[in-house]
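Fold and geometry: a report
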Amino acid sequence: MAESWSVLDNFDPNFRPLVVIELAKGTKEETIEWFTKRIVDKKANGGAQLLVKPLVTENGDENIYLVGASHLRLLLGAETVGLVKECNDNSMRSFTYSSRKTFKDFADDNHNFLTIAECQYIIKHELENLRARDEKMVPGYPQAKLYPGKSIVRRLLTSGVLVQIFPLHDREELKKLRHSWYGRVKVGYQPLDEIRCYFGETIALYFGFLEYFTFALIPMAVIGIPYYVFAWEDYDKYVMFAAFNLLWSTVILEVWKRICAIMTYRWGTLLMKRQFEEPRPGFHGALGINPITGREEPVYSSIKRQIRIYLVSLPFVCLCLYFSLYVMMIYFDLEQWALDYHEENESNFSSLMLFVPSIIYAVVIEIMNRIYRCAAEFLTAWENHRLESSYQNHLILKVLVFNFLNCFASLFYIAFVLFDMKLLRQSLATLLITSQILNQFVESLLPYWLQKRQKKRMKKRMCSLKTDTDLSLVEQVNLEKEMGTYFGTFDDYLELFLQFGYVSLFSCVYPLAAVFAVLNNVTEIHSDALKMCRVYKRPFAEPTANIGVWQLAFETMSVISVVTNCILIGMSPQVNALFPDSKMELILTVALVEHLLLAIKFIMAFVIPDKPRDIQIKLAKLEFESLEALKQQQMKLAAESLKE
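A quick note: this is a predicted structure, and the numbers were derived from the prediction, not measured.

Considerations on the overall build of the protein chain
In terms of helices and strands, the protein chain carries 21 helices and ten strands. Of all 644 residues assigned to the protein chain, the portion counted as buried reaches 50%. By sequence separation, contacts in the protein chain at least 24 residues apart represent 73% of the contacts at least 6 residues apart. Accessible surface, the protein chain: about 32,100 Å² in total, of which carbon and sulfur atoms supply 63%.

Observations concerning the environment of Asp-491
Locating Asp-491 in the fold gives a position in helix 16 (residues 490–505). Classification of Asp-491 by relative accessible area gives partly exposed; the value is 36%.

Observations regarding helix 3 (residues 71–81)
Of all eleven residues in helix 3, eight are buried; the element is thus mostly enclosed. Here helix 3 has its buried residues at His-71, Arg-73, Leu-74, Leu-75, Leu-76, Gly-77, Ala-78 and Val-81. Remark: Gly-82 follows helix 3 within two positions and exhibits a positive phi of approximately 80 degrees.

Thoughts on the packing of helix 12 (residues 356–382) against helix 13 (residues 388–418)
Put simply, helix 12 and helix 13 touch, their axes get as near as 10 Å, and they point 160 degrees apart. Comparing their axes, helix 13 and helix 12 come out roughly antiparallel. You can see that helix 12 and helix 13 cross each other, and the crossing is right-handed. On helix 13, the residues touching Tyr-361, Ile-365, Met-368, Asn-369, Tyr-372, Arg-373, Ala-376, Glu-377, Leu-379, Thr-380 and Ala-381 of helix 12 are Tyr-391, His-394, Leu-395, Lys-398, Val-399, Phe-402, Asn-403, Asn-406, Cys-407 and Ser-410. In terms of residue class, the contact of helix 12 with helix 13 is built from twelve nonpolar, six polar and three charged.

Quick look at the state of the cysteines
Inspection of every chain in the model, using the stated rule, returns zero disulfides. In this structure Cys-320 is not part of a disulfide, and its nearest cysteine sulfur, from Cys-318, lies 9.3 Å away. Residue Cys-320 is classed as buried on the basis of its relative accessible area of 14%.

Brief notes about the packing of helix 16 against helix 18 (residues 549–571)
Helix 18 packs onto helix 16 with a crossing angle of 20 degrees between their chain directions and a minimal axis gap of 9 Å. Relative to helix 18, helix 16 is oriented roughly parallel. Viewed along their axes, helix 16 and helix 18 form a crossing whose handedness is right-handed. For the pair helix 16 and helix 18, contact is made by Phe-490, Tyr-493, Leu-494, Leu-496, Phe-497, Phe-500, Gly-501, Ser-504 and Leu-505 and by Trp-550, Ala-553, Phe-554, Met-557, Ser-558, Ile-560, Ser-561, Thr-564, Asn-565 and Leu-568, respectively. Classifying every residue of the contact of helix 16 with helix 18 by side-chain character gives 13 nonpolar, six polar and no charged.

A few points about empty space enclosed by the protein
For the structure on display, the rule yields one cavity of 30 Å³ or more. When its volume is computed, the largest cavity comes out at roughly 80 Å³. Taken together, 14 residues form the lining of the largest cavity, with Leu-83, Glu-118, Arg-196, Glu-201 and Pro-543 sitting closest to its centre. Counting residues per element, the lining of the largest cavity draws most heavily on helix 4 (residues 116–128), at three residues. The residue makeup of the lining of the largest cavity, split by class, is eight nonpolar, two polar and four charged. If you count residues domain by domain, the lining of the largest cavity takes at least three from each of domain 1 (19–168) and domain 2 (199–274 + 414–609).

Quick word on unusual backbone geometry
For Asn-384, which is not glycine, the phi torsion reads 65 degrees and is therefore positive. In this structure, Asn-384 sits in the loop between helix 12 and helix 13.

Overview of a nonpolar patch on the surface
Together, Ile-303, Ile-307, Tyr-310, Leu-311, Val-312, Leu-314, Phe-378 and Trp-382 make up an exposed nonpolar region whose accessible area comes to about 840 Å². Of all the elements in the fold, those that place two or more residues in the nonpolar patch are helix 10 (302–345) and helix 12. Per-element accounting of the nonpolar patch gives the leading share, six residues, to helix 10. Positionally, Leu-311 belongs in helix 10. For Leu-311, a relative accessible area of 61% translates into the label exposed.

Here we look at the pattern of salt bridges
The full count for this structure, using the stated rule, is 25 salt bridges. Between Glu-201 and Arg-196 there is a salt bridge, with the nearest N and O atoms lying 2.9 Å from each other. Looking at Glu-201, the relative accessible area reads 6%, which means it is buried. One network of salt bridges, with partners in common, ties together Lys-85, Glu-118, Arg-196 and Glu-201.

Let's talk about the sheet that holds strand 8 (residues 162–167)
Spatial ordering of the open sheet is given by 2-3-1-8, a layout of four strands whose pairing is antiparallel. Looking at the sheet topology across the chains shown, the edges are occupied by strand 2 (51–55) and strand 8. Recorded for the sheet is a direction-independent mean angle of 20 degrees between the axes of neighbouring strands. In this sheet, strand 3 (residues 64–68) lies alongside strand 1 (residues 19–23) in antiparallel orientation, the contact comprising four bridges. Pairing of Ile-21 across the sheet is with Tyr-65, part of strand 3. In the packing of helix 2 (residues 29–40) onto the sheet, the strands contacted are strand 1, strand 2 and strand 3, and the crossing angle to strand 1 comes to about 160 degrees. The sheet strands contacting helix 4 are strand 1, strand 3 and strand 8, and the helix crosses strand 1 at an angle near 40 degrees.

The rules behind these values
- Residues numbered from 1 in each chain as written.
- Predicted model: local features only at pLDDT ≥ 70, side-chain atom pairs only at ≥ 80, totals over all residues.
- Heavy atoms only, no water.
- Helix = DSSP H or I, 4+ residues; strand = E, 2+ residues; numbered from the N terminus.
- Buried < 20%, exposed > 50% of the residue type's maximum accessible area, 1.4 Å probe, protein only.
- Contact = heavy atoms within 4.5 Å.
- Areas by Shrake-Rupley, 256 points an atom, 1.4 Å probe, with all protein chains shown as cover.
- Axes fitted to C-alpha atoms, helices over the stretch in contact; angles between N-to-C directions.
- Parallel < 35°, antiparallel > 145°, perpendicular 65-115°, else oblique.
- Left-handed = near helix turned anticlockwise from the far one by under 90°.
- Nonpolar A, V, L, I, M, F, W, Y, C, P; charged D, E, K, R; others polar.
- Disulfide = S-S within 2.5 Å.
- 1 Å grid on protein atoms, 1.4 Å probe; cavity = no way out; pocket = protein on both sides within 12 Å on 5 of 7 lines; lining within 4 Å.
- Points joined across faces, edges and corners; volume = space filled by probe spheres on them.
- Domains from an automatic or database assignment.
- Patch = residues over 30% accessible without salt bridge, like charges linked within 9 Å, V, L, I, M, F, W, Y side chains within 5 Å.
- Salt bridge = Lys/Arg side-chain N within 4 Å of Asp/Glu carboxyl O.
- Pairing = 2+ DSSP bridges.

In structure tokens, the structure reads:
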């Protein structure tokens with residue numbers, strides 16, 4: 001690989017811009033010169049060996065730079081980041097430049113061997129791994145301190161010199177993707193492979209899970225309609241529906257693991273080795289030595305972090321949970337007022353007023369969820385976690401706990417304190433439908449409308465622009481840099497998680513929940529596709545092998561649903577009639593059934609393999625071959641040492 005780097009030239013006559021770097025206006029010339037020099041310098045000199053071209057804006061400022069790379073540079077970068085590609089023998093192996101001829105569809109003149117998402121991921125990786133050598137500060141900014149091994153890009157971001165880095169859209173590829181994805185009305189599967197090639201594995205996995213979850217809801221919706229129509233008050237008939245729901249929730253999650261393994265094996269991310277995590281950009285502390293890498297980096301006491309978590313964050317979360325319960329009690333006061341008003345007037349208007357408290361409460365829940373999300377992000381950042389994975393796990397835990405209580409506490413209170421099944425059905429339906437409408441509006445329709453207004457203003461401004469630079473490229477970069485930033489799939493998975501809770505927790509009370517979930521998800525697929533292609537800046541691809549902690553979150557929700565449905569069935573008049581003399585026998589019977597169902601769930605989860613048999617064999621074969629290769633290498637080294 002070292003020999004390959006030495007022949008790599010920075011010049012490429014067919015420059016293809018892939019990534020945009022925006023510096024702060026008024027950035028000093030010496031800073032720009034130093035930073036761009038580090039980007040184009042050879043790897044041996046500590047550079048990234050990429051290609052950079054300034055983009056002149058309408059004001060003549062050169063604060064925007066386009067970054068690309070030669071074909072050879074991208075191939076060497078693919079080896080560095082450990083991309084896995086398909087070989088000629090249909091096996092999946094880590095790409096190496098020396099064995100490039102053994103990979104399927106590879107040719108020296110085939111610039112489509114690497115997907116555009118992979119190319120942009122490689123450039124991002126190389127930029128983030130630009131590290132200070134002997135510099136003590138960013139030239140021109142004495143307050144922006146540097147030390148050997150510090151990421152230059154992260155320091156420029158935290159000091160405000162670097163505004164943003166984002167991948168550029170490919171207009172032709174995006175047009176093709178939009179046409180096959182949501183550009184025409186059709187019934188069929190999403191083009192997940194094309195989505196993966198353009199946006200990367202993380203985005204493709206989310207849309208794959210959304211599509212799979214929507215199809216998995218159809219049996220629940222089909223069965224739920226006749227139960228709703230013909231057996232509204234007959235709770236003993238809901239026992240079979242609830243039992244089916246409990247088995248269904250287990251099977252779909254286990255089958256998803258298998259489908260996920262099939263997709264990620266085909267994409268190569270199932271085999272990618274986990275890379276060593278660098279400190280996240282917001283991490284700060286006194287300089288010290290990392291005992292693993294030996295590099296100098298910030299060090300922060302774990303005791304201080306634990307104090308912040310348990311003495312500040314935890315009490316704050318508990319206070320927010322208490323406030324959520326307080327708002328819930330206000331909602332029940334409004335429900336009682338609406339009921340009293342209806343009993344006094346008995347009119348069509350008073351009947352409609354019965355739904356007003358639930359609608360208001362649903363809107364308040366969404367507002368509280370979003371405000372709390374901002375507070376949770378601030379607190380988690382203040383806790384000063386070293387790794388991005390640790391930061392994400394603490395943030396997800398905070399948000400999930402609050403959202404679960406905020407969205408479902410009223411339903412639990414109605415079911416197990418008020419014992420009002422009619423109000424439970426009404427509240428569940430109102431909360432579900434209102435939250436779906438609000439999410440569609442806030443996440444897709446409103447940003448799309450704002451983006452269209454921004455695009456019209458930008459086009460008017462660009463019409464008066466006179467420059468020798470390619471007008472279409474200038475227009476595209478200026479449009480995209482003003483777009484909103486897509487912060488990942490967190491909110492999308494959270495919405496599906498809450499929807500799964502509405503469907504599974506109280507299925508025996510409101511079977512139509514699955515019907516509304518299916519209708520929402522069909523539109524969600526198209527609205528989410530629209531926002532990815534038209535509303536937000538293109539996100540960088542992030543290789544991933546699964547949906548991460550969300551798999552555990554969904555499985556936990558399915559376990560809770562077993563308990564809630566068993567208790568609801570045990571509370572029904574028909575079941576109570578079977579135990580007229582002893583409530584203890586009823587409780588013990590319900591507990592026994594609940595334990596049996598949980599046992600069946602865990603047995604099914606154990607029996608259904610996470611990976612199909614053929615993929616297990618392929619993975620085992622690759623592991624065997626890598627061990628044999630390592631053994632041969634060790635034997636060769638031993639033989640050479642004996643000769644000496």
